[in-house]
Amino acid sequence: SGAWDSLPAARAASIFFDLAALAGLFVLGRRLIAGAGGTRLGIVLAFAWAAFPYTAFALQSNSNDALVGALVVWALVAIASPMGRGALLAVASAVKFAPLALVPMFATGERGLADRMEGVFSSRDHETSRLRSALSSLRPVICFAGIFIATAALLLLHPAVDPGLATFFDRTVVTQIGRTSPFSIWGQVSW
């Protein structure tokens, strides 16, 4: 009828995205702590997601917001794999632009950039070995960047062709600038 009265596909997708986030948080808890402690942590993380009012609000509104959370959580689960975290974060960034802020953190991975470069620039090393050491230390960062860019390009290939980049820009960036969201505190208060 055009009145958004029945959206079974949106409802099913929202439930699936919420369950994917719950499962990801459970697996993340198991990865963070070995044994029974990890299982307990996973249960607590999943329960915290299910009990938080804004995740419930997004689920009841049949939105795709839980998809972003699920993809970021699964990227955390895959933090040890530069390719896995790069692909998952690129997909999350294609859903909503907010995960782009996480790119520097996810690019450096588990150890961070400073730890990777420790000892690379010591004065007693030979120039060639220092360069080789620097490149091998940055290999995961380069791998992440390559996979992130390739995945994002693949996902943007279809919108670039049909309906075109101008329409894509208008429907994503321009539309979001003036849009209010009921999922934020500012969207619920008419100031």
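As the structure is a computational prediction, the values presented were derived from the model and not from experiment.

1. A closer look at the overall build of the protein chain
- Across its full length, the protein chain carries nine helices and zero strands.
- Walking the protein chain from its N terminus toward its C terminus, one meets helices and strands in the order α-α-α-α-α-α-α-α-α.
- Across the 191 residues in the protein chain, those meeting the buried criterion constitute 29%.
- Look at the contacts in the protein chain between residues 6 or more apart in sequence, and 63% of them connect residues 24 or more apart.
- Summed over all atoms, the accessible surface of the protein chain reaches about 12,200 Å², with 69% contributed by carbon and sulfur.

2. What to know about helix α4 (residues 65–77)
- With 13 residues, α4 extends 19 Å from end C-alpha to end C-alpha; this agrees with the ideal 18 Å at 1.5 Å per step.
- Residues of α4 that are buried include every one of A66, V68, G69, A70, L71, V72, V73, A75 and V77, and no others.
- Residues of α4 that are buried in the fold lie against α1 (8–32), α2 (36–51), α5 (82–95) and α6 (103–108).

3. Remarks on the packing of α1 against helix α3 (residues 53–60)
- Packing of α1 against α3 leaves a shortest axis separation of 9 Å and a crossing angle of 150 degrees. Comparing the axis directions of α1 and α3 gives the class roughly antiparallel. Where α1 abuts α3, its residues S14, I15 and D18 lie against T55, A58 and L59.

4. Re the nonpolar core
- Grouped together as the largest cluster of nonpolar side chains are 12 residues: V68, L71, V72, A75, L89, A90, A92, V103, F106, A107, F144 and F148.
- Every element with two or more residues in this core is listed here: α4, α5, α6 and α8 (127–177).
- Considering each element in turn, this core owes the most residues, four residues, to α4.
- The contacts of L71, once residues within four sequence positions are left out, are L88, V91, A92 and V95.
- Among the nonpolar cores identified, the runner-up in size contains eight residues, and F17, L25, W49 and A70 belong to it.

5. Description of the side chain of S14
- Residue placement: S14 occurs in helix α1.
- Its relative accessible area of 2% is what places S14 among the buried residues.
- Beyond its immediate sequence surroundings of up to four residues, S14 is in contact with A58, L59, N62 and S63.

6. Notes on the confidence of the model for the protein chain
- For the protein chain, mean pLDDT is 83; residues scoring 70 or higher make up 79% of the total.
- For the protein chain, the element scoring lowest by mean pLDDT is helix α7 (residues 112–116), at 52; α2 scores highest, at 95.

7. Quick look at the pattern of salt bridges
- Using the criterion set out here, one finds one salt bridge in the structure.
- For D65, the salt bridge identified is with K96, shortest N-O distance 3.1 Å. On the criterion of sequence distance, the pair formed by D65 in helix α4 and K96 in the loop between α5 and α6 is long-range, its members being 31 residues apart.

Rules and cut-offs
- Residues numbered from 1 in each chain as written.
- Predicted model: local features only at pLDDT ≥ 70, side-chain atom pairs only at ≥ 80, totals over all residues.
- Heavy atoms only, no water.
- Helix = DSSP H or I, 4+ residues; strand = E, 2+ residues; numbered from the N terminus.
- Buried < 20%, exposed > 50% of the residue type's maximum accessible area, 1.4 Å probe, protein only.
- Contact = heavy atoms within 4.5 Å.
- Areas by Shrake-Rupley, 256 points an atom, 1.4 Å probe, with all protein chains shown as cover.
- Expected span 1.5 Å × (residues − 1).
- Axes fitted to C-alpha atoms, helices over the stretch in contact; angles between N-to-C directions.
- Parallel < 35°, antiparallel > 145°, perpendicular 65-115°, else oblique.
- Core = buried A, V, L, I, M, F, W, Y, C linked by side-chain atoms within 4.5 Å.
- pLDDT = per-residue confidence, 0-100.
- Salt bridge = Lys/Arg side-chain N within 4 Å of Asp/Glu carboxyl O.

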